[in-house]
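Listed below are the residues making up each chain.
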Amino acid sequence: MRAMMKIWVSGASGQVGTAITDVADPLAFELLNTDVEELDITEIDEVLNFSELNRPDVIINCAGLTDVQACEENPEEAYKINAIGARNLATAARRIDAKFIQISTDDVFGGDEDKAFCEFDDPHPTTMYGKSKYAGEKLVRELTDKHVIVRSSWLYGVGSYDFVDRVLDTAAKEGAVHLPEDEISSPTSAEALAGFIDCLMHSREYGLFHASCDGSCSRAEYAREILRLAGKENVPVTSASENTALRPRFTLLDNMMLRITGLYQMPDWHDALSEYMSHRQTGVNK
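Residues numbered from 1 in each chain as written. Predicted model: local features only at pLDDT ≥ 70, side-chain atom pairs only at ≥ 80, totals over all residues. Heavy atoms only, no water.

A.B. asks: Provide a residue-level description of the sheet that holds strand β2 (residues 29-34), including the pertinent values.
C.D. replies: The strands making up a sheet associate through hydrogen bonds between their backbones, and the pairing can be parallel or antiparallel. Taken in spatial order, the six strands of this open sheet run β2-β1-β3-β4-β5-β10, and their pairing is parallel. Strand pairing shows two members of the sheet lacking a second neighbour, β2 and β10 (207-210), which therefore form its edges. The mean inter-strand angle of the sheet, taken between neighbouring strand axes irrespective of direction, is 20°. Examined bridge by bridge, strand β4 (residues 99-105) and strand β5 (residues 147-152) share six bridges and lie parallel to one another. Its bridge partner being in β5, glutamine 102 is matched across the sheet by isoleucine 149. (Pairing = 2+ DSSP bridges. Helix = DSSP H or I, 4+ residues; strand = E, 2+ residues; numbered from the N terminus. Axes fitted to C-alpha atoms, helices over the stretch in contact; angles between N-to-C directions.)

A.B. asks: Report on helix α10 (residues 269-282), specifying residues and quantitative values.
C.D. replies: Counted at 1.5 Å a residue, the expected span for α10 with its 14 residues is 20 Å, and the 20 Å between its end C-alpha atoms agrees. Considered for burial, the residues of α10 that qualify are Trp269, Ala272, Leu273, Tyr276, Met277 and His279. Buried residues along α10 cover an arc of 160° about the axis, so they all sit on one side. Exposed residues on α10 whose side chains face more than 90 degrees from its buried face are Asp271, Gln281 and Thr282. In this structure, the buried residues of α10 make contact with β6 (155-156), α6 (163-174), β9 (188-189), α7 (190-202), β11 (217-218) and α8 (219-229). (Expected span 1.5 Å × (residues − 1). Buried < 20%, exposed > 50% of the residue type's maximum accessible area, 1.4 Å probe, protein only. Arc of directions from axis to C-beta. Contact = heavy atoms within 4.5 Å.)

A.B. asks: Any details on unusual backbone geometry? Residues and values, ideally.
C.D. replies: With a phi angle near 50°, arginine 55 is a residue other than glycine that sits in the positive phi range. Here arginine 55 is to be found in the loop between α2 (44-54) and β3 (58-61). Even without being a glycine, tryptophan 154 presents a positive backbone phi close to 45°. As for its position among the elements, tryptophan 154 is in the loop between β5 and β6. Tryptophan 154 gets classed as buried once you look at its relative accessible area, which sits at 9%.

Nothing here speaks to function; it is geometry throughout.
Below is the structure:
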């Protein structure tokens, strides 16, 4: 009888880590979930000791400093977590011959072109968050052959306070939401992304994949759909000239590698958001 695969999920309490735990088949995988309280990925000795002791078959790095403002204010901390943390986990994966899955972001693109970016387009990050995540990508590529880098966009889901929470809280407190109409990408549910990651764990695919939900919208359109699904269509969403300089303007990802390989189909963003809002309202976490 084949032994269960061991999966080490770093950053397990965040959105993607929580979703992976929810979708992973408990009969197929033994999950080793850690977060900063249990293990600091920026400490190489901690990472190597844990990997040697537990010998996971797959390491998934969901950890990261994702607060864009915090990254700008403390670039060394951004590089320490987003780049050095990825380096340490990739080093551990190489030593034990584990598959390494690195979660990255659409922010590696600068957003100065009105086109969807595929895996063969060259990144040019403009934010410290994007720069530090791209640095992590490069270190992963250099340090282990058995890697998959997965870029996604505008993630939401159980595990952290996110855009959906902010929109609903702002609507409740202020009676209106002000968001830009020209900041464009694709909202992606952590559950949908976790489904792809689950597929990767069973596959022999390696390299770089974009995995965002199908379709695109502006921040304002995204908020209107959240409010509609929450039964709050009466709350106005108006165009705002808020400070979006920290976020790239246009970072829509093209999932070209998913189409080429036929590996997985990400859902439409409307459908994924509708499912998430339904679960949220009924208290179901799938």
